[in-house]
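Chain by chain, the residues run as shown.
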Amino acid sequence: MDSKSVVHSGGCHCRKVRWHVQAPTSVVAWKCDCSDCSMRGNTHFVVPRERFELLGDSKDFLTTYTFGTHTAKHTFCKFCGITSFYTPRSNPDGVAVTFRCVDPGTLSHVEIRRYDGKNWYNSYNQCGIASFSKEQSKIDSTQ
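Residues numbered from 1 in each chain as written. Predicted model: local features only at pLDDT ≥ 70, side-chain atom pairs only at ≥ 80, totals over all residues. Heavy atoms only, no water.

Undergrad: Describe the layout of surface pockets, listing the residues and the values that go with them.
TA: Approximately 280 Å³ is the volume attributed to the second largest pocket. What lines the second largest pocket is a set of 20 residues, and nearest its centre among them are Cys34, Ala72, His74, Arg89 and Trp120. Split by residue class, the lining of the second largest pocket holds 11 nonpolar, eight polar and one charged. (1 Å grid on protein atoms, 1.4 Å probe; cavity = no way out; pocket = protein on both sides within 12 Å on 5 of 7 lines; lining within 4 Å. Points joined across faces, edges and corners; volume = space filled by probe spheres on them. Nonpolar A, V, L, I, M, F, W, Y, C, P; charged D, E, K, R; others polar.)

Listed below in structure tokens is the structure:
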């Protein structure tokens, strides 16, 4: 999914949590059916951590939930409860951005792919999600 990279702005419902993320205008978003994502209805795209910037005092309004392996860090706003981004188990070196929390106007296309979170290890090994938190130049040099 090649498209122009831009800075997207976004955040939670009450706007206490705000961020910028550098990502293409066309993204692949993952709809996961693990126990947490299926309850929240979260669909997210993954970027390398260095492409994500939390703005202002946003960190003061975040809290984190973990479970199971405690690798995923499910961050959400203390006030409105929205998970606009988090650290996913599949990509602990990256950030998962809830595509519906991106401000309107910069995403031109979202391709939704299914992630079988109920069969997490099989899905992880088959779908290639781990590469989405790597810089493209690092991926190209290993192929």
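This is not the end of the story, as more comes after the structure.
Undergrad: I'd like a description of the packing of aromatic side chains, backed by residues and values.
TA: If you walk through the whole model with that rule in mind, you get five aromatic pairs. Centre to centre, the rings of Tyr65 and Phe67 are 5.7 Å apart; their planes meet at 25°, and the pair counts as stacked. Since its relative accessible area comes to 40%, Tyr65 is described here as partly exposed. Residue class for Phe67 comes out partly exposed when judged on its relative accessible area of 31%. Members of the aromatic cluster, joined through ring pairs, are Trp19, Phe52 and Phe85. The ring of Phe61 has Lys16 lying over it, and the distance from NZ or CZ to the ring centre is 5.4 Å. (Phe/Tyr/Trp six-rings, centres within 6.5 Å; stacked < 30°, edge-to-face > 60°. Buried < 20%, exposed > 50% of the residue type's maximum accessible area, 1.4 Å probe, protein only. Lys NZ or Arg CZ within 6 Å of the ring centre and 35° of its normal.)

Undergrad: Report on the sheet that holds strand E5 (residues 52-54), specifying residues and quantitative values.
TA: What the three strands build is an open sheet, ordered E1-E2-E5; its pairing is antiparallel. Edge positions in the sheet fall to strand E1 (5-11) and E5, since each of these pairs with one other strand and no more. Direction aside, neighbouring strands of the sheet carry axes that sit 20° apart on average. (Pairing = 2+ DSSP bridges. Helix = DSSP H or I, 4+ residues; strand = E, 2+ residues; numbered from the N terminus. Axes fitted to C-alpha atoms, helices over the stretch in contact; angles between N-to-C directions.)

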